[in-house]
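# Remarks on the overall topology
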Amino acid sequence: MSLNGKKVTDFSLQAYQNGAFKEVTQKDLAGKWSVLFFYPADFTFVCPTELGDLQGKYADFKAIDCEIYSVSCDTHFVHKAWHDSSATVGKVEFPMIGDPTGLLAKDLEVYIEDAGLTERGTFVINPDGKVVLYEVSAGNIGRNADELLRKVQAAQFVHKHGDEVCPAKWTPGKDTLTPGFDLVGKI
């Protein structure tokens, strides 16, 4: 079953951000674009490279009114310790949500029950709180923040211009398509 169109469950979890703990709830996702970026665990190998890559694009996500939330089944205390000890993770400015019971991970079907960890799941949430795009990668394959940014921009464009669609490799300012009878078999 597809998760596209699914509303994120009601939640209240603790996060670490900018030297402090904070509560993050479903209400924080309302009215803006959000990315829930699940990764297996703190103090690992591929995960810090992904978080560092996201941090490198964080200003670009903020510029399009999109918040990044990294999520793992570690606690917010572990996120702080990792932030304090890793040069790469120490640069992260976006909220790092602790999901120790797997509430969000289970809701979005990326929880690995026998390991107590999550898959590498990326979920783009629209201002209505619904999943509009998601992908799940194998644990040994890192993701690309540039491509994620492009996909969020495409999702935002389609959300605003519902009669147009974005073709492969679309970037802002490039041509879109308006589906219709005239295009059938012509592309």
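Because the structure is predicted, anything quoted here is derived from the model rather than measured.

## What about the sheet that holds strand 2 (residues 20-25)?
- The mixed open sheet is built from 7 strands, whose spatial order is 2-1-5-4-3-8-9. The strands lining the two open edges of the sheet, one partner per strand, are strand 2 and strand 9 (131-137). Averaged over all pairs of adjacent strands, the angle between strand axes in this sheet comes to 25°, irrespective of strand direction.
- On top of the sheet, helix 1 (residues 46-63) reaches strand 1 (12-17), strand 3 (33-38), strand 4 (66-72), strand 5 (96-98) and strand 8 (120-125); it is set at about 165° to strand 4, its chief contact.
- In the packing of helix 4 (residues 145-160) onto the sheet, contacts are made with strand 3, strand 4, strand 8 and strand 9, and the angle to strand 3 comes to roughly 145°.

## Description of the side chain of Ser-86
- You can see Ser-86 is positioned in the loop between helix 2 (76-85) and strand 5.
- For Ser-86, a relative accessible area of 17% gives the class buried.

## Considering the UniProt feature "active site" (unreviewed entry) in the protein
- Those residues carrying the UniProt feature "active site" (unreviewed entry) are Cys-47 in this numbering.
- Here Cys-47 is to be found in helix 1.
- For Cys-47, a relative accessible area of 1% translates into the label buried.
- Apart from residues lying up to four places away in sequence, Cys-47 is in contact with Tyr-39, Pro-40, Ala-41, Trp-82 and Arg-120.

## With respect to the pairing of strand 9
- As paired elements, strand 8 and strand 9 share 6 bridges and run antiparallel to each other. Bridging from a neighbouring strand, Ile-125 pairs with Val-131 of strand 9.
- Counting the residues that bridge the hairpin from strand 8 to strand 9 gives 5 residues, and of these Gly-129 lies at a positive phi of roughly 80°.

## Describing the packing of helix 1 against helix 4
- Contact pair helix 1 / helix 4: the axes reach a minimum separation of 9 Å and the direction vectors enclose 30°. Relative to helix 4, helix 1 is oriented roughly parallel. The two elements helix 1 and helix 4 meet at a crossing, and its hand is right-handed. Two secondary-structure elements touch here, helix 1 through Asp-53, Leu-54, Lys-57, Asp-60 and Phe-61 and helix 4 through Ala-145, Asp-146, Leu-148, Leu-149 and Val-152.

## Comments concerning helix 4
- With 16 residues, helix 4 should reach 22 Å at 1.5 Å per residue; the first-to-last C-alpha distance of 22 Å fits that figure.
- Burial in helix 4 covers these residues: Ala-145, Leu-148, Leu-149, Arg-150, Val-152, Gln-153, Ala-154, Ala-155, Gln-156 and Phe-157.
- Buried positions along helix 4 lie against strand 3, helix 1, strand 4, strand 8 and strand 9.
- At the N-terminal end of helix 4, a side-chain oxygen is found 2.7 Å from the backbone nitrogen of Asp-146, two or three residues along, and the residue is Asn-144.

## Structural notes on the side chain of His-83
- Mapped onto the fold, His-83 is located in helix 2.
- On the accessibility criterion, His-83 (13% relative accessible area) is buried.
- Within polar-contact distance, the side chain of His-83 engages the backbone oxygen of Val-92 at 2.9 Å.
- For His-83, the residues in contact, after removing those within four places along its chain, are Tyr-16, Val-89, Gly-90, Lys-91, Val-92 and Met-96.

About the thresholds
Residues numbered from 1 in each chain as written. Predicted model: local features only at pLDDT ≥ 70, side-chain atom pairs only at ≥ 80, totals over all residues. Heavy atoms only, no water. Pairing = 2+ DSSP bridges. Helix = DSSP H or I, 4+ residues; strand = E, 2+ residues; numbered from the N terminus. Axes fitted to C-alpha atoms, helices over the stretch in contact; angles between N-to-C directions. Contact = heavy atoms within 4.5 Å. Buried < 20%, exposed > 50% of the residue type's maximum accessible area, 1.4 Å probe, protein only. UniProt positions renumbered as here; feature names shortened; annotations may be inferred. Parallel < 35°, antiparallel > 145°, perpendicular 65-115°, else oblique. Left-handed = near helix turned anticlockwise from the far one by under 90°. Expected span 1.5 Å × (residues − 1). Polar contact = N/O pair within 3.5 Å; in protein donor to acceptor, adjacent residues only side chain to side chain.

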